[in-house]
Amino acid sequence: MPFVTVMAREAPVLVVVTWEKTVSASQTTTQKAIADEVNPGQWKVLKPRKGLQMIDFARLWQFRELLGMLALRDVKVRYKQTALGAAWAIIQPVTMMVVMSLFFGRFAKMNEQVGSVPYPIFLYAALLPWTFFASSVTASTNSMVVNSRMLTKIFFPRLIVPFAATGTPLVDYAMAFIVLLALMVWYSVSLSWQLLLLPALVGLTIISAMGVGLILAAVTVRFRDFRYLVPFMIQVWFFITPVIYPNKMVPENWQWLIQLNPMCGIIEAFRASVLGTAINWSSLGMSTVVALVGMAIGLLYFNQAQRKFADVI
Amino acid sequence: MNPVVIDVENLGKSYRLGSHFQLDVTLPEMISLKAKQCFNRLRGIKPQPKTDDRHFNALEDVSFKVTQGEVVGIIGHNGAGKSTLLKILSEITDPSSGQAKIRGRVASLLEVGTGFHPELTGRENIYLNGSILGMTRKEIAAKFDDIVTYSGIEKFIDTPVKRYSSGMSVRLAFSIAAHLEPEILVIDEVLAVGDVEFQNRCLGRIQEVANSHRTVLFVSHNMAAVQTLCKRVIMLDHGKIVADGKPEDVIPLYINAGQLQSEDLATRTDRNGNGQAKITGCSITNLEGNQVQLGKPWQINVEYETIHPGDRHEFDFTISSANSPRVCYLSTNMLIDGPQHWPAKGTIAIRPTDPCPFWPQNYTMSTTLKHNGSICDQMNEAVQFSVILGEQNKYNSLGRRASVMVLDADVRVDESQNSLAENQFTADTTFQNRAA
């Protein structure tokens, strides 16, 4: 997979594993379909599409390199003509951590709720996946509108666009991860085997983000209202996710509701992996199910809506 | 007979003007509408067929077949449905009815440089644009040097595209597209951008593709290009096919249909001069007031107003075509005699002594009206006109050879007996055949 090697130059190994995972899933099922596509004798019929559409995995596979190229474009462009460059990927989360540690941790006495764990690392270990999730959702929501010119002028599987939009957040994520390692050393947190779970958790975060992002991207094509609604929605979502507080602060009879938020289990598991504490498997399992269901709905809805994109955007 | 590679049957595309096109349905309205539909369905009420007829047919019942290796020009006026057809064939949008079947890899070029990012360098954009157009990294890498050489911007390949002149980025973009190797190439009016040299290059490249036995669908308003490149032309009007045949048959139809209404010159505001005299109307016709035919007498009719009645006025005309800014210049200044009495307001007819030498296509004419050597009124592209071949025209034998002007001539042959035989032929190679 050539584009994986492209990503590898830009990001640590951790990232590569995840990309490989998402792509290879479609690989085996589509080998036959590709063979048909290449044969020039095959008629391709273009007619009004009615009813539920199948996702054209063969086409996605054919255009797999475009995913990498679009992601790479966004990554390259992101910090062009800035003096500090990629340092911004570190400055932002670190500043947030410092401010939040001070206000929530010290002034709001949240650090008393988290036991023996230093509050800054407790917060940062959750802020990291949260920021990735939030910026992935925002980026994929806007991706269709940002690339509208391409949508009306050229054919390619539209699904690639919102997925490619997670590239930049992913690279930022990897950069900010370095700070997490530094924090772990500073607070002398011992490494545990659970750290091996992190790549899977990153994958799960992408899946959760895409479930929401795909639907929002498709709706934004028609209703630009969502460009304004999404930042607000993300803000609310931040507070119903245990980022600044531990999950146990939520009353018992509310737990079932809060567990429906896929980021709840993922962030808890991420934090537990970093700190080496026990992982709440049932919560993570719930998150996985919700994330996968969300992703499936997102894929189907997007695939259904994409027929009209070029006419409506 | 080559195999059919594009088979279009009863293809149609309609846009709903209200909800889709102009988007005048707000989100709450749509939700309540959908909810009502759901509720009605639950109660067993069938959804009413849509009563609003506010839809617009961009394409209606279009059918045609294209065989491998054909170069087909698609012409028609703005809004005729050309781009919609190409968009359906390139899978950008779905048809609303009918179907199109395609065999082979399609590359469509509806715009030059789709997806170019100004912040990225030329090199990065080659890879980006290439993969958007459907090339693989391997293919791009293999053709990279050719693309760069062809574009002629080797020196700037590592400079961000935002620092390029617009000509440079167009050249680079076209160079990438030119290296696509599809079995079917679909091109929209891409020639509209760029200078003459660029346009010639585009045409040359399309010709190369055509020569290599690949299929080309080519939309253009440039009739000279269509005539040179295509062996078959399809003309669309209001979403329907109105003609499908040889260029020499179809292009005149387009030109006739395109009797472009010249705007009211009396009220036109973008004009220069001191305003002491004014051209209030102008048209170019044959002597009967109909369309100008190649090789037939023609005249320029001018309506004017002046505050210097009785004085001699001078008219200058410059005729241009889409490809040549100055095809021909005509001035009444060189005429020795002319009307002596000029009313304050009137119409004059200027009849060139030579028959119309212009090859059938669209032309524009700029006018200048002078009095005593100073410009009173000057307008660019004051009038548009088109020339047709007409029936039983001796120039029909010229076939599809296109140039801007055609000359008539006397031809004399010195026979061996020293006797002078005089024949009049058209200055054309058919002469050689007959003489031999």
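Scroll up a little and you will see the structure.
Thresholds applied
Residues numbered from 1 in each chain as written. Chains lettered and ligands numbered in written order. Predicted model: local features only at pLDDT ≥ 70, side-chain atom pairs only at ≥ 80, totals over all residues. Heavy atoms only, no water. Helix = DSSP H or I, 4+ residues; strand = E, 2+ residues; numbered from the N terminus. Buried < 20%, exposed > 50% of the residue type's maximum accessible area, 1.4 Å probe, protein only. Contact = heavy atoms within 4.5 Å. Areas by Shrake-Rupley, 256 points an atom, 1.4 Å probe, with all protein chains shown as cover. Pairing = 2+ DSSP bridges. Patch = residues over 30% accessible without salt bridge, like charges linked within 9 Å, V, L, I, M, F, W, Y side chains within 5 Å. Salt bridge = Lys/Arg side-chain N within 4 Å of Asp/Glu carboxyl O. Lys, Arg positive; Asp, Glu negative; His and termini not counted. Charge placed at Lys NZ, Arg CZ, Asp CG, Glu CD. Core = buried A, V, L, I, M, F, W, Y, C linked by side-chain atoms within 4.5 Å. Buried area = accessible area lost by both parts, 1.4 Å probe. Polar contact = N/O pair within 3.5 Å; in protein donor to acceptor, adjacent residues only side chain to side chain. Nonpolar A, V, L, I, M, F, W, Y, C, P; charged D, E, K, R; others polar. Axes fitted to C-alpha atoms, helices over the stretch in contact; angles between N-to-C directions. Expected span 1.5 Å × (residues − 1). Phe/Tyr/Trp six-rings, centres within 6.5 Å; stacked < 30°, edge-to-face > 60°. Lys NZ or Arg CZ within 6 Å of the ring centre and 35° of its normal. Left-handed = near helix turned anticlockwise from the far one by under 90°.

J.: What exactly am I supposed to notice about the overall build of chain B here?
T.: Looking only at helices and strands, chain B features ten helices and 19 strands. Within chain B, the fraction of its 436 residues that count as buried is 47%. Within chain B, residue pairs in contact and separated by at least 24 positions form 69% of the contacts whose partners lie at least 6 positions apart.

J.: How should the overall build of chain A be read in this particular structure?
T.: Helices and strands together make up the secondary structure of chain A, namely 15 helices and one strand. Pairs at least 24 apart in sequence give 79% of the contacts found in chain A among residues at least 6 apart. Accessible area of chain A: about 14,400 Å², with a carbon and sulfur share of 67%.

J.: Explanation requested: the sheet that holds strand 14 (residues 328-331) of chain B in the structure shown.
T.: Paired through backbone hydrogen bonds, the strands of a sheet run either parallel or antiparallel to each other. Strand order across the open sheet formed by five strands is 11-17-16-13-14 (chain B), with mixed pairing between neighbours. The open sheet terminates on both sides in strands that have one partner only, identified here as strand 11 (292-293) and strand 14 of chain B.

J.: Whenever I open this one, a positive patch on the surface confuses me. Can you help?
T.: A surface patch of like charges, here positive, comprises K308(A), R16(B), K34(B) and R41(B). Note on placement: R41(B) falls in helix 2 (residues 27-42).

J.: Is there a simple way to explain the nonpolar core in this structure?
T.: In globular proteins that are soluble, nonpolar side chains generally tend to be buried together. Counting residues in each nonpolar core, the largest one holds 173 residues, and the members touching the most others are W130(A), L180(A), F270(A), I75(B), I126(B), L217(B) and F218(B). When neighbours within four sequence positions are excluded, I75(B) is seen to be in contact with K82(B), S220(B), M223(B), V226(B), V233(B), I234(B), M235(B), L236(B), V250(B), I251(B) and Y254(B). With 33 residues, the next largest nonpolar core counts L265(B), V302(B), W359(B) and L389(B) among its residues.

J.: Would you take a moment to explain the interface of chain B and chain A for this structure?
T.: By a frequent convention, interface size equals the accessible area lost on bringing the separate parts together. Tallying the contact residues gives 52 residues for chain B and 39 residues for chain A. For the chain B and chain A pair, buried surface summed over both sides reaches about 4,100 Å², with 60% attributable to carbon and sulfur atoms. Inspection of the region where chain B meets chain A yields six salt bridges. Of the charged contacts in the structure, one is a salt bridge between E91(B) and K44(A), with a shortest N-O distance of 3.3 Å. Inspection of the chain B/chain A interface yields ten residue pairs in polar contact (both at pLDDT 80 or more). Where the side of chain B that touches chain A is concerned, the elements lending two or more residues are strand 1 (4-16), helix 1 (17-21), helix 2, helix 3 (82-89), strand 4 (97-103), strand 5 (106-109) and helix 4 (122-132) of chain B. Looking at the side of chain B that touches chain A element by element, the count peaks at seven residues for strand 4 of chain B. Its residues placed into classes, the side of chain B that touches chain A shows 21 nonpolar, 17 polar and 14 charged.

J.: Is there a simple way to explain the environment of G51(A) in this structure?
T.: Residue and element names in this part refer to chain A. Tracing the chain through its elements places G51 in the loop between strand 1 (43-46) and helix 3 (57-62). Overall, the relative accessible area of 47% leaves G51 in the partly exposed class. As a C-alpha pair, G51 and Q304 span 253 residues in sequence and 8.5 Å in three-dimensional space. Other than its neighbours up to four places away in sequence, G51 contacts Q304 and R307.

J.: Whenever I open this one, the pairing of strand 14 of chain B confuses me. Can you help?
T.: Looking along a regular strand, one sees side chains alternate from face to face of the sheet. Residue and element names in this part refer to chain B. Where strand 13 (residues 313-321) meets strand 14, four bridges bridge the pair, whose relative direction is antiparallel. Along strand 14, the bridge assignment pairs D316 with S331. Between strand 13 and the antiparallel strand that follows it, strand 14, lie six residues.

J.: I would appreciate a short explanation of the sheet that holds strand 5 of chain B in the present structure.
T.: Residue and element names in this part refer to chain B. What the six strands build is an open sheet, ordered 5-6-7-3-8-9; its pairing is mixed. Both outer strands of the open sheet, strand 5 and strand 9 (240-245), are each paired with one neighbouring strand and no more. On average, adjacent strands in this sheet sit at an angle of 15° to one another, irrespective of strand direction. Here strand 3 (residues 71-75) pairs with strand 8 (residues 232-237) via four bridges, running parallel. Residue pairing for strand 8: V72 is matched across the bridge by R232.

J.: Any chance you could explain helix 4 (residues 64-78) of chain A here in plain terms?
T.: Along an α-helix, a turn takes 3.6 residues, which lines up residues three or four apart on a common side. In a regular helix each residue adds 1.5 Å, so 15 residues correspond to 21 Å; helix 4 of chain A covers 22 Å between its end C-alpha atoms and thus fits that length. Listed as buried for helix 4 of chain A are E65(A), L66(A), L67(A), G68(A), M69(A), L70(A), A71(A), L72(A), R73(A), V75(A) and V77(A).

J.: Please clarify how the pattern of salt bridges should be interpreted in this entry.
T.: Any two side chains of opposite charge can pair, given that their charged atoms come close. Per the stated rule, a full pass over the model turns up 19 salt bridges over all chains. In this structure, E91(B) and R59(A) form a salt bridge, with 3.0 Å as the shortest nitrogen-oxygen distance. With E91(B) in the loop between helix 3 and strand 4 and R59(A) in helix 3, this residue pair bridges two chains. Under the relative-accessibility criterion, R59(A) is labelled buried at 8%.

J.: How should the packing of aromatic side chains be read in this particular structure?
T.: For any two aromatic rings, the description comes down to two numbers: the centre-to-centre distance and the angle of the planes. For the coordinates displayed, the defined rule picks out 15 aromatic pairs over all chains. With centroids separated by 5.1 Å and ring planes inclined at 85°, the aromatic side chains of F238(A) and F239(A) adopt a geometry described as edge-to-face. For F238(A), a relative accessible area of 9% translates into the label buried. Counting every residue linked through ring pairs, the aromatic cluster contains W130(A), F133(A), W237(A), F238(A) and F239(A). Positioned above the aromatic ring of F122(A) is the side chain of R271(A), whose terminal nitrogen or guanidinium carbon lies 3.5 Å from the ring centre. Over the ring of Y150(B) we find R205(B), and its NZ or CZ is 5.8 Å from the ring centre.

J.: Mind showing me how you'd approach the side chain of T368(B) here?
T.: Residues and elements named next belong to chain B. Inspection of the secondary structure assignment puts T368 in strand 16 (residues 362-371). Classification of T368 as buried rests on a relative accessible area of 14%. Excluding its chain neighbours within four sequence positions, the residues that come into contact with T368 are E314, F315, D316, I375, D377 and Q378.

J.: Is there a simple way to explain the packing of helix 4 of chain A against helix 4 of chain B in this structure?
T.: Any two packed helices are characterised by the angle at which their axes cross and by the distance between the axes. Axis separation between helix 4 of chain A and helix 4 of chain B bottoms out at 9 Å; the angle between their running directions is 145°. In this structure, the crossing between helix 4 of chain A and helix 4 of chain B has a hand that is left-handed. Residues L66(A), M69(A), L70(A), R73(A) and K76(A) of helix 4 of chain A touch helix 4 of chain B, and the partners they reach there are E124(B), Y127(B), L128(B), S131(B) and I132(B).

J.: For this particular structure, what's the right way to read the pairing of strand 10 (residues 277-286) of chain B?
T.: Residue and element names in this part refer to chain B. Of all the ten residues making up strand 10, eight are buried; the element is thus mostly covered by neighbouring parts of the structure. Here strand 10 runs beside strand 12 (residues 298-306); their pairing, made up of nine bridges, is antiparallel. Each bridged residue has a counterpart across the sheet, and for I279 the counterpart in strand 12 is Y304.

J.: Could you clarify how one ought to interpret the environment of H179(B) in this entry?
T.: Residue and element names in this part refer to chain B. Here H179 lies in the loop between helix 6 (166-178) and strand 6 (184-187). By relative accessible area, which is 9% here, H179 ends up buried. Excluding residues that lie within four positions of it along the chain, H179 makes contacts with M135, K143, D146, I147, Y150 and R205.

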